[in-house]
Amino acid sequence: FFFKQKTAYEIRPRDWSSDVCSSDLKDVTFAIVSAPITIRVVPSPLVLTPAAPAVAVKQGAKVEVAYKLDRQFGFADQVEMSLEPPQGVAGIPAAKGMLPNGQADGKLELAVEKTAPEGEHKFTLRAKAKFNNVNVESTQTITVKVEKGE
């Protein structure tokens, strides 16, 4: 690597020619020694925690699913929340809502139709937002037990 050293006052646009920078530049491998550092990589600045791992509801009724959302790394915007049923389960539409900035606790209301199949179903509780102009999300699984309606 060859470079003629000049001060900032001596460099002019025409100086960036072969007399200043060598045309036969080569890749150079070198090592830098420093103190060890630890980098922690997390998938999302959103930490989602359901209030309960399971809820029970009768056919034709509604149930509120409570959750807590911790925002980390200075994230403070609103978050889009949803409670999504597993594929193939009819009669239980997804519940959606927004959690305003500054609020940590929220609830989604799940309405179960009378035709919904009985049994335990694994729902996905999802939090979606943009952090530094990047789409981020956090998910948790909640068991919804549908019982026979009256």
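The present account deals with the structure reproduced in this document. The structure displayed is predicted, hence computed values, not measured ones.

### Looking at the pairing of strand β6 (residues 105-111)
Covered by surrounding structure in β6 are Gly106, Leu108 and Leu110 only, the residues Asp105, Lys107, Glu109 and Ala111 on the alternate face being uncovered. For strand β3 (residues 62-71) and β6, the ladder comprises seven bridges, and the chain directions are antiparallel. Within the sheet, the bridge partner assigned to tyrosine 67 lies in β6 and is glycine 106.

### Details of the nonpolar core
In this structure, Leu46, Val79, Met81, Leu83, Ile92, Leu110 and Leu125 are the most contacted members of the largest nonpolar core, which totals 29 residues. Secondary structure elements with two or more residues in this core: β1 (46-50), β2 (54-58), β3, β4 (79-84), β5 (95-99), β6, β7 (119-131) and β8 (134-147). Examining the composition of this core, we find that five residues originate from one element, β7, more than from any other. Other than its neighbours up to four places away in sequence, leucine 83 contacts Val65, Ala94, Ala95, Leu108, Leu110, Phe123, Thr124, Leu125 and Ile142.

### Here we look at the sheet that holds β3
With respect to topology, three strands assemble into an open sheet ordered β1-β3-β6, the strand pairing being antiparallel. Sheet topology places β1 and β6 at the edges, where each strand pairs with a single neighbour. Across the sheet, the mean angle from the axis of one strand to that of its neighbour is 30°, orientation sign disregarded.

### A few points about unusual backbone geometry
One non-glycine residue, asparagine 132, lies in positive phi territory at about 55°. Examined against the element boundaries, asparagine 132 turns out to sit in the loop between β7 and β8. The phi torsion at asparagine 133 lies on the positive side, around 65°, for a residue other than glycine. Looking at the element boundaries, asparagine 133 is found in the loop between β7 and β8. A relative accessible area of 67% means that asparagine 133 is categorised as exposed.

### With respect to the sheet that holds β7
Spatially, five strands are ordered β2-β8-β7-β4-β5 in an open sheet, and the strand pairing comes out mixed. Whereas interior strands pair on both sides, the edge strands pair on one side only; in this sheet they are β2 and β5. Ignoring which end each strand starts from, the neighbouring axes of this sheet average 25° apart. Bridge analysis of β2 against β8 gives five bridges, and the strand direction is parallel. Along β8, the bridge assignment pairs lysine 58 with glutamate 147.

### A word on the side chain of serine 82
Inspection of the secondary structure puts serine 82 in strand β4. Within the local environment of serine 82, its side chain forms a polar contact with the side chain of glutamate 84, the two groups lying 2.9 Å apart. Once you skip the residues sitting within four places of it in the chain, serine 82 turns out to touch Ala95, Lys96, Leu108, Thr124, Leu125 and Arg126.

### Digging into the pattern of salt bridges
Within the structure shown, the criterion is met by four salt bridges. The partner of arginine 126 in a salt bridge is glutamate 84, and the shortest N-O contact between them spans 2.9 Å. Residue arginine 126 is located in strand β7, and its partner glutamate 84 is located in strand β4; the two are separated by 42 residues in the primary sequence. With a relative accessible area of 19%, arginine 126 lands in the buried category. On the basis of relative accessibility, which here comes to 23%, the residue glutamate 84 falls in the partly exposed class. Linking glutamate 137 and arginine 126 is a salt bridge whose minimum nitrogen-to-oxygen distance equals 2.6 Å. Of the two residues, glutamate 137 is situated in strand β8 and arginine 126 in strand β7; the sequence distance between them amounts to eleven residues.

Definitions and cut-offs
- Residues numbered from 1 in each chain as written.
- Predicted model: local features only at pLDDT ≥ 70, side-chain atom pairs only at ≥ 80, totals over all residues.
- Heavy atoms only, no water.
- Buried < 20%, exposed > 50% of the residue type's maximum accessible area, 1.4 Å probe, protein only.
- Helix = DSSP H or I, 4+ residues; strand = E, 2+ residues; numbered from the N terminus.
- Pairing = 2+ DSSP bridges.
- Core = buried A, V, L, I, M, F, W, Y, C linked by side-chain atoms within 4.5 Å.
- Contact = heavy atoms within 4.5 Å.
- Axes fitted to C-alpha atoms, helices over the stretch in contact; angles between N-to-C directions.
- Polar contact = N/O pair within 3.5 Å; in protein donor to acceptor, adjacent residues only side chain to side chain.
- Salt bridge = Lys/Arg side-chain N within 4 Å of Asp/Glu carboxyl O.

The analysis is restricted to geometry; functional conclusions fall outside its scope.
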